[in-house]
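# Coordinate analysis (summary)
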Amino acid sequence: MAAGDPLGRLDDDYPACTMGRAADMLGTTPGFLRALGEARLITPLRSEGGHRRYSRYQLRIAARARELVDQGTSVEVACRIVIPEDQLEEARRINAERRRPAGSPGP
């Protein structure tokens, strides 16, 4: 990325995607994303105009839920599976960071 590139500051938590764009990227419908919000799997931020905005992290979570739903799992059950999976992944990341010797580069 070039110096001064404003997109270089975006991280996994930056709410950059609109609902329509997020649905297109995931190959699903806005209704599916609303269902994930109602099930409290993801909570998109809202723009000043009230439009939902999704982060890359939320899109990864939604994509995993969609995989499960595509396999025949209900949305509610998919959400109950995805949440502990995500918590486990975060715990593994934290453990790996703590095991790394001080001053050594990350993954």
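First, a word on what this report is: a plain description of the structure on this page. Keep in mind it's a predicted model, so treat the numbers as computed, not measured. (Residues numbered from 1 in each chain as written. Predicted model: local features only at pLDDT ≥ 70, side-chain atom pairs only at ≥ 80, totals over all residues. Heavy atoms only, no water.)

Moving on, we get to the packing of helix H3 (residues 56-70) against helix H4 (residues 75-99). Interaxial distance between H3 and H4 falls to 9 Å at its minimum, and their mutual angle equals 130°. Judged on the interaxial angle alone, H4 and H3 are oblique. Taken as a pair, H3 and H4 cross one another with a handedness that is right-handed. In this structure, H3 uses Tyr 57, Ile 61, Arg 64, Ala 65, Leu 68 and Val 69 to contact H4, whose residues at the interface are Val 75, Ala 78, Ile 81, Val 82, Glu 85 and Asp 86. Class assignment for the residues of the contact of H3 with H4 results in nine nonpolar, no polar and three charged. (Axes fitted to C-alpha atoms, helices over the stretch in contact; angles between N-to-C directions. Helix = DSSP H or I, 4+ residues; strand = E, 2+ residues; numbered from the N terminus. Parallel < 35°, antiparallel > 145°, perpendicular 65-115°, else oblique. Left-handed = near helix turned anticlockwise from the far one by under 90°. Contact = heavy atoms within 4.5 Å. Nonpolar A, V, L, I, M, F, W, Y, C, P; charged D, E, K, R; others polar.)

Take the packing of helix H1 (residues 19-26) against helix H2 (residues 30-38) next. What describes two packed helices is the angle between their axes and the distance between those same axes. Look at H1 against H2: their axes get within 8 Å of each other, and the N-to-C directions meet at 105°. One way to sum up the angle between H1 and H2 is to call them roughly perpendicular. Contact residues: H1 offers Met 19, Ala 22, Ala 23 and Leu 26, while H2 offers Pro 30, Leu 33 and Arg 34. Residues belonging to the contact of H1 with H2 are distributed by class as follows: six nonpolar, no polar and one charged.

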